[in-house]
Each structure stands twice: as structure tokens, then as C-alpha cells.
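Results of the structural survey
Below are the chains, spelled out letter by letter.
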Amino acid sequence: MRTEKKFRGILKSVLSFVLVFAIAFAFVNPMTVSAKTKNISVKYRNYTSNRDAAAKKATTVKTGTYNVALAGKNGWHRGYVKFTAPKSKTYAFTLSNVSSDSGKFTNGYVNIMKFNGRYISSSKVSTQGGKTYTLWVANKNQGSGTSGCRTSRTGKVHINQGETVYLYLSLLEPSSKKAYLTLNIK
């Protein structure tokens, strides 16, 4: 009988200690849920309004977050990604974390392009400061309004279910082989 009470006392003490330790650990190191960021490489491609030519080298993306690496030629880092809407709604495309291999000033733009029956052309999108056809981004803020380069820029555009849009990404940094940005699609 006494050994059973002793055993229960020790068990209570050990369980109490484990519980206090678990609570303290959770308080110091809280669990967070984060969406998985995917890494993609985008092939170099100059601007084209030909949908088939753009689609041939475009990297397909879905909703989510992507670390995008853009191949470069002559200082320009350009290419296409394509997104097909799973349902009709206004999608937000957020561009951020612009950088390059050199670490120097890197800037550029992104156009969200839709097919109009003959060719793909830039869509007018809502962004910080108003509406524009071009989303200007950089690794340092410059200028103001829709034409100013921002370290983070969000463009919102309505896309119908099954419709594909092409994002033309173009960044400039002459001494780098690659340039990078983060793309989030919601």
C-alpha cells in the first residue's frame, strides 16, 4: 500500500515536471504554421505578345509563394510564368524580395498579361497608388505612385475560372548572372 502511494507521488511529480517543461518550451518556442515556399527557375525570354511563344518557355505556377530565379542576358533577367485561375475571382499577385547575385541595386517591372483573342497584352491592375499596366519593383524604394519602384508591390486583377494569365518578369542588374524575387499569388 505504501509503495503504491509512493509510486503515485513520484509519477505525479514526474508528470508535473514534464507538463511544466512542455508549457515552458511551447512559450519560448511557439509552433508556427507557414506555407511552403517553392523555388522555381524561369528561363530567359524576351518580351513577346505571341501567346504560344510565351507559353512555350513559361513556368507554370499555382496559388502560393514562390522564390523565383530569373536567368539573365546582357544585364536583363527576363521570363514568363503562367497562372490558370482555378475559380473566378480577383487574384492578388505580390512581388517582393528583389535581389541579384551581385547584391547591387536591382530594379524592374512585371506585367500581368491576358489573351485578347489575337495576342497577349498587359492588363490594367489595381496597386498601391492607383491603377497601372506595369508593377515596378526594386530592392530599394524609389519614386512614388504607381510608377515608383517598391520593395513590395501587389497587383490585383480579376481572372475568370480556367483563364490563363502570363506574368512577364523583367529585372535589371548588369553584373549579375541571376536576379531573384518572391512571388505570392492569392
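Scroll up to find the structure.
Residues numbered from 1 in each chain as written. Predicted model: local features only at pLDDT ≥ 70, side-chain atom pairs only at ≥ 80, totals over all residues. Heavy atoms only, no water.

1. Brief notes about the nonpolar core
Going by this rule: Throughout, nonpolar core names a set of buried Ala, Val, Leu, Ile, Met, Phe, Trp, Tyr and Cys residues whose side chains join them through atoms within 4.5 Å. Think of it in three bands: residues with accessible area under 20% of the maximum for their type are buried, residues over 50% are exposed, and the middle band is partly exposed, with areas taken using a 1.4 Å probe on protein chains only. Contacts are assigned to residue pairs with any non-hydrogen atoms lying within 4.5 Å of each other.
Ranked by internal contacts, the top residues of the largest apolar core, which has 28 residues, are Val 68, Phe 83, Phe 93, Leu 167 and Leu 183. Leaving out residues up to four positions away in the same chain, Phe 93 has contacts with Phe 83, Ile 112, Arg 153, Thr 154, Gly 155, Val 157, Ile 159, Val 165, Leu 167, Leu 183, Asn 184 and Ile 185. Counting residues in each nonpolar core, the second largest holds eight residues, with Tyr 109, Met 113, Ile 120 and Tyr 166 among its members.

2. Some points on the packing of aromatic side chains
Each aromatic ring pair is summarised here by two numbers: the centre-to-centre distance and the angle between the ring planes. Under the convention used in this document: Between the rings of Phe, Tyr and Trp (Trp by its six-membered ring), a pair exists once the centres lie within 6.5 Å; its type follows the angle of the planes, with under 30 degrees stacked, over 60 edge-to-face, and the other angles tilted. Think of it this way: any DSSP run of H or I at least four residues long counts as a helix, any run of E at least two long counts as a strand, and we number them from the N terminus.
Here the structure, examined in full by the defined rule, presents six aromatic pairs. Judged by centre distance (4.9 Å) and plane angle (45°), the rings of Tyr 80 and Tyr 168 are tilted. Taken as a pair, Tyr 80 in strand E4 (residues 76–84) and Tyr 168 in strand E12 (residues 164–172) lie far apart in primary sequence, 88 residues in all. Like Tyr 80, the residue Tyr 168 is buried in the burial classification. On the numbers, 6.2 Å between centres and 55° between planes, the contact of Tyr 109 with Tyr 168 is tilted. Of this pair, Tyr 109 sits in strand E6 (residues 107–115) while Tyr 168 is found in strand E12, placing the two residues 59 residues apart along the sequence. Here the aromatic cluster, defined as three or more aromatic residues joined through ring pairs, consists of Tyr 47, Tyr 80, Tyr 109, Trp 136 and Tyr 168.

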